[in-house]
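Residues per chain are reported as follows:
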Amino acid sequence: MTTRLLKVDPLAPDPNIVREAAQCLSDGGLVILPTETVYGLAAHVTNSKALARLRAVKGREATKPFTVHIGSRTEVERFVPGLEGLGRRLVRKAWPGPLTIIFPVPDPGQAAVVRETSLSHVASLYHEGTIGIRCPEDDVASAVLTAAKVPVVAASANPAGAPPPVTADEALATLDGQADIALDAGRTRYAKPSTIVKIDGGRADILREGLLDERTIRRLCRLNFLVVCTGNTCRSPMAEGLLRHLLAEKLGCDEEALADRGYHVESAGVGGGGGMPASDEAVTVLGRRGIKLARHRSSPLTLDAIRRADFILTMTAGHLRAVQVMAPAATDRSQILDAEDIEDPIGGDEDEYARCADRIEKALRRRLEEISL
């Protein structure tokens, strides 16, 4: 048998070619797919014959599963029930992209993909309570994986021990006749394998450093909070200081250790300029709680600050609207801190600032109970 080679535009894949490759996967065939990293060899994981063929090509024993490949990051919840915390954060920040994530799944039987198929497929997908998943940033791969409508696994399109191919020709040099279809979209964008991380509680252990280096992974893992008010001299500086204090309390560490733990808190104002100190009353009121604001300088709200934030907490509904107008994509990460607006204490005395700080602290404690750290 000779593998059928189909050339495809990497930016605008022909729907007919996509359907043909997807149907091949659904029917139990093996397909050589381009990704942004290397070419992969894909198979329908719940088709026993297809999986056996893939294992034979890769020389992989039955106890070692392959990486699931999905066309859209929203598909991850079919395989990882109750996704939260660091796993959800990495999915949002890094996918689609060159990162393979090994998720903990203590009870695979609860996964939608298992309920849709059969418990007999657990061993093909999961290994010792984990599953590895990748969401390629490649238009061809994404289109085929989405159109297949079956769970697909893949490995680099080469025999064990050979270098992973970055062109279809390289893949066919060793696999011609062992795959049914090969999609040729030219040389892969990065020509380097994906990075593999395994999530262990609140930590991401790098099992293989590929395209994404350790520094990038640490940045992606960081949990960023942004608190927003008007001028960034009263409410949001107090909220920033209080949030750091509460995070350290919840995590059982010093505030200075938050960065090493992967937590960052900042504040900004929708209507103020930069460089202004916190108000004297805010400095005094938080100083009585052991929280220092003397070094604070105001910052205007920017798109960069919004984009890097995982949680955006605003003092009023008006601030929330301002965030959403500036960055509509941040809507699902933005919320008003309390049920109702927290009014600006500017012009009030220290007692008014203290009441404002009390309310901010209570609201922050409630929010932290809702957030998986």
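The paragraphs below set out a description of the structure included in this document.

The rules behind these values
Residues numbered from 1 in each chain as written. Predicted model: local features only at pLDDT ≥ 70, side-chain atom pairs only at ≥ 80, totals over all residues. Heavy atoms only, no water. Core = buried A, V, L, I, M, F, W, Y, C linked by side-chain atoms within 4.5 Å. Buried < 20%, exposed > 50% of the residue type's maximum accessible area, 1.4 Å probe, protein only. Helix = DSSP H or I, 4+ residues; strand = E, 2+ residues; numbered from the N terminus. Contact = heavy atoms within 4.5 Å. Pairing = 2+ DSSP bridges. Axes fitted to C-alpha atoms, helices over the stretch in contact; angles between N-to-C directions.

If you look at the biggest cluster of nonpolar residues, it comprises 71 residues, and the most contacted ones within it are Trp95, Phe103 and Leu183. By residue number, the principal contributor to this core is helix α1 (residues 15–26), which donates six residues. Here Leu183 is in contact with Leu6, Val8, Ile17, Ala21, Val31, Ile32, Leu33, Pro34, Tyr39, Val140, Val144 and Ala168, once residues within four sequence places are set aside. Core analysis: the next-biggest nonpolar cluster, separate from the first, contains 34 residues, Leu243, Leu258, Val265 and Ile371 among them.

Glancing now at the sheet that holds strand β7 (residues 152–156). Spatially, ten strands are ordered β1-β8-β2-β3-β7-β4-β6-β5-β9-β10 in an open sheet, and the strand pairing comes out mixed. What marks the edges here is a single partner per strand, and that holds for β1 (4–7) and β10 (203–208). Averaged over all pairs of adjacent strands, the angle between strand axes in this sheet comes to 35°, irrespective of strand direction. Here strand β4 (residues 67–69) pairs with β7 via three bridges, running antiparallel. Bridged to Thr67 within β7 is Ala154. Its contacts with the sheet put α1 on β1, β2 (31–33), β3 (40–44), β7 and β8 (181–184), and the angle it makes with β8 is roughly 145°.

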